[in-house]
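One letter stands for each residue in the lines below.
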Amino acid sequence: MKFSKIKYIIIFNFILLTACSQNISDSQPDKPLDSHIEQMKSFLAENGFPENLIKSYDSYFLIDEDILITKSEVKEFLSGKKKQAHGGSGWGLVDIANSSNITVKAHSSVPTSWKNAIEDAIDNWNSIYNTELSFSFETSGATDITVYSDIYLSGGLPYYVIAAGTPPSSGEPGNSIYINLDYTPLGGGSVTSSSKIYNMVHELGHNIGFRHTNWASNPNEPSATTIPRTPTSDSNSIMNSGTADNNWNGFSSYDKIGTKILYPTYAGMVMYTPVVQENGFGAGRFVDLTWANIHRDTALNYKLYRKEGVSGSWEIIATFNSSPLPGEFTDYVTAPFTGSTTYYYKINATFYLARGNESFSRVVSANVSSSF
Ligand SMILES: [Zn+2]
């Protein structure tokens, strides 16, 4: 079996440059001229998508069967729209600030059975703990993601594709998911409600930046970046490709770790009030610092800073890189103190560099007195 780690894509910035609107129009986009299509395909190929994986439909390209990029997005790039600066990770992720309430609605073209599946898929994503990520289902208004029937894609999805998501761009989730309501499972019959849930969980995964876990088993699939602390194979991952007929059977444990790494929470990160102690030599004080250590499975390092007085400048006093990351540190501050000196401490936890040194900080203060 060839299964690899949970991945998220690194291709190029071109997707990010499309600061696309939150919702696509219900009208069909203009059909590009054929001569432009070849130009756009070459551009995609130059940017890391092997040409044999790019399929052209009326208004969009479908890459590796369920990654959808509209032709108007590619056209925008070709007309010289500026790239966003984001470290070269083109598929992108949702900014942490945008990840804690991703709103989703179903367009009126989506039948009730699929709407129910979307709501169940959202409940499943929301069941993962210790992540900032959460979704909510809305019945109206503007939403981050809208799920449409593929009749709203010019030409529709090919018969063998059940649904397609769209990649995040500009720190926002991919704004659309299309469902092929004519899809028939390989063994015949109709799509089960459990399979609808599976597919909606999977497509939402694409819209928040997950690539196929088993991308490497397809020699033609563009390369992706492995999420650390996940194994070299995970047949239970819900982000494997070629799984349109799967029924929902829960996330794999590594899907959950991958989610926590891509969307780490800081809500539970706590630094406790320091305890000041006399050092016994009269020249200084020990300050005992402790902090909650809930991110040991996803944090890369902790850095500890100190400043003297509120207007002082932060200076780094310790860096912790090795696993397991500690939960305490004793600082030594030297005399003389004039009256009472307030020292501020800041712990900074850096997480997987998915979006460039993502880090969270917590600050506490300790009053160190000369008359201790
Ligand atoms: Zn997929």
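Please read these numbers as outputs of a predicted model, since none were measured by experiment.

Describe in detail the nonpolar core, supporting the description with residues and values.
Grouped together as the largest cluster of nonpolar side chains are 57 residues, with contacts concentrated most on Ile 118, Ala 121, Val 147, Tyr 178 and Val 201. Here Ile 118 is in contact with Val 104, Ala 106, Phe 137, Val 147 and Met 200, once residues within four sequence places are set aside. Formed by nine residues, the second largest nonpolar core is a distinct cluster that contains Leu 289, Tyr 345, Ala 349 and Ala 366.

Break down the pairing of strand E12 (residues 284-290) for me, with residues and values.
Side chains of E12 alternate between two faces, with Arg 285, Val 287 and Leu 289 buried and Gly 284, Phe 286, Asp 288 and Thr 290 left unburied. Pairing of E12 with strand E15 (residues 328-334) involves seven bridges; the strand directions are antiparallel. Directly across from Thr 290, in E15, lies its bridge partner Glu 328.

Any details on helix H4 (residues 193-207)? Residues and values, ideally.
In this model H4 runs 21 Å from its N-terminal to its C-terminal C-alpha over 15 residues, within 8% of the 21 Å that 1.5 Å per residue would give. With 13 of 15 residues buried, H4 lies mostly within the body of the structure. Trailing H4 by a residue or two, Gly 209 shows a phi angle of about 115°, which is positive.

Outline the packing of helix H3 (residues 112-126) against H4, supporting the account with residue identities and numerical values.
Packing of H3 against H4 brings their axes to within 8 Å, and their N-to-C directions diverge by 55°. As far as their axial angle goes, H4 and H3 are oblique. Crossing of H3 over H4 shows right-handed handedness. Seen from H3, the contacting residues are Ser 113, Trp 114, Ala 117, Ile 118, Asp 120, Ala 121, Asn 124 and Trp 125; seen from H4, they are Ser 193, Lys 196, Ile 197, Met 200, Val 201 and Leu 204.

With reference to specific residues and values, describe H3.
Over its 15 residues, H3 runs 21 Å from end to end, which matches the ideal 21 Å to within 8%, given 1.5 Å per residue. Every buried residue belonging to H3 is among Trp 114, Ala 117, Ile 118, Ala 121, Ile 122 and Trp 125, and all of these are buried. Buried residues of H3 fall within an arc of 140° about the axis and therefore sit on the same side. In the core, the buried residues of H3 are packed alongside strand E5 (102-106), strand E6 (135-138), strand E7 (145-149), strand E9 (176-179) and H4.

What counts, and where the lines are drawn
- Residues numbered from 1 in each chain as written.
- Predicted model: local features only at pLDDT ≥ 70, side-chain atom pairs only at ≥ 80, totals over all residues.
- Core = buried A, V, L, I, M, F, W, Y, C linked by C-beta atoms within 7 Å.
- Buried ≥ 20, exposed ≤ 12 C-beta atoms within 10 Å, placed from the backbone.
- Contact = placed C-beta atoms within 7 Å.
- Helix = DSSP H or I, 4+ residues; strand = E, 2+ residues; numbered from the N terminus.
- Pairing = 2+ DSSP bridges.
- Expected span 1.5 Å × (residues − 1).
- Axes fitted to C-alpha atoms, helices over the stretch in contact; angles between N-to-C directions.
- Parallel < 35°, antiparallel > 145°, perpendicular 65-115°, else oblique.
- Left-handed = near helix turned anticlockwise from the far one by under 90°.
- Arc of directions from axis to C-beta.

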